Amino acid sequence: MLFICSDIHGDYQALQLTLAAFKRSGASHLVCLGDVLNHGPRNPVPQHYAPLKVAEALNQMAGRIIAVRGNCDSEVDQALCQFPLLAEYNQLLIGKRKAFLCHGHNYGPNQLPPLAEGDILVSGHSHIPQAERQGPHFQLNPGSVSMPRQDWPASYGLITEQQLQVCRLEQPEILLCCQLD
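Residues numbered from 1 in each chain as written. Predicted model: local features only at pLDDT ≥ 70, side-chain atom pairs only at ≥ 80, totals over all residues. Heavy atoms only, no water.

Colleague: Could you give an account of the packing of aromatic side chains, with specific residues and numbers?
Modeller: Here the structure, examined in full by the defined rule, presents 5 aromatic pairs. Here Tyr89 and Tyr107 contribute two aromatic rings whose centre-to-centre distance is 5.9 Å and whose plane-to-plane angle is 90°, an arrangement assigned as edge-to-face. With a gap of 18 residues between them, Tyr89 in strand S4 (residues 89-94) and Tyr107 in the loop between strand S5 (97-102) and strand S6 (120-123) connect regions that are remote in the sequence. One aromatic cluster is present, built from ring pairs that chain together Phe3, Phe22 and Tyr156. (Phe/Tyr/Trp six-rings, centres within 6.5 Å; stacked < 30°, edge-to-face > 60°. Helix = DSSP H or I, 4+ residues; strand = E, 2+ residues; numbered from the N terminus.)

Structure follows, in C-alpha cells:
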C-alpha cells in the first residue's frame, strides 16, 4: 500500500496529522505530490506555518518518502529536505499498472502524460479529491492535507493493487473509493 499526500504548504499541524494517518495505514511509503514547505503567493499563510519543522519531521523518514516537485517548491526547499523533492514526475509500478506521479500543474487531468489502458494518474495541485476511472485510465487526487477546497475536508489517498481511496485526514473515514478493475 502507498500513502499519498499533497499540498502540505508548510503547515506543521497538518503534517503531524498526516504522519499519524500514515502510521495507522500501515503503508510502506509516503508519496508526497509537492507543495511541501511553501504556502505560495496565492495562498494565505497557514495558521500552523512552520516549514522548518515540516522539513525536520519529513527528514526523519526520508528513506520512506517518494516526492515530486509542486509549483511552490524550489531549490531552497531542497536544501532543507534530505529526500529528492525536485523531480517533475515519477513513475512506479503497482502490480502490472504504471502510476504516474506528478503535482498536477504541468501534467495533470487536463494535460495527460502518456498512459496505457489501466494506468493511474496520481496528482494533487487542485486541493480537490478525486478517485475514479476516466476513460481508459484511472485518476487519483488525494486533495490537500492543509488547504482543502470546495468544502472537502483535509484528506489523503491510499493506493493498493485493488483500489484507490481518498480518506478524511482527521478521522478514519473513506470519502471516495474506486476499484481497479
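Next, the rest of the story.
Colleague: Would you mind going over the pattern of salt bridges in detail, with residue names and values included?
Modeller: All told, the structure shown has 3 salt bridges when counted by the stated rule. Notably, a salt bridge pairs Glu173 with Arg168, separated by 2.8 Å at the nearest N-O pair. A relative accessible area of 32% means that Glu173 is categorised as partly exposed. Look at Arg168 and you get partly exposed, because its relative accessible area is 23%. (Salt bridge = Lys/Arg side-chain N within 4 Å of Asp/Glu carboxyl O. Buried < 20%, exposed > 50% of the residue type's maximum accessible area, 1.4 Å probe, protein only.)

Colleague: How would you summarise the sheet that holds S5 if you had to cite specific residues and measurements?
Modeller: Reading across the sheet, the 5 strands line up as S4-S5-S6-S8-S7 and stay open at both edges, with mixed pairing between neighbours. Only two strands of the sheet have a single neighbouring strand rather than two, namely S4 and strand S7 (130-134). Ignoring strand direction, the axes of neighbouring strands in this sheet form an average angle of 20°. When S5 meets S6, the two strands line up parallel, connected through 4 bridges. (Pairing = 2+ DSSP bridges. Axes fitted to C-alpha atoms, helices over the stretch in contact; angles between N-to-C directions.)

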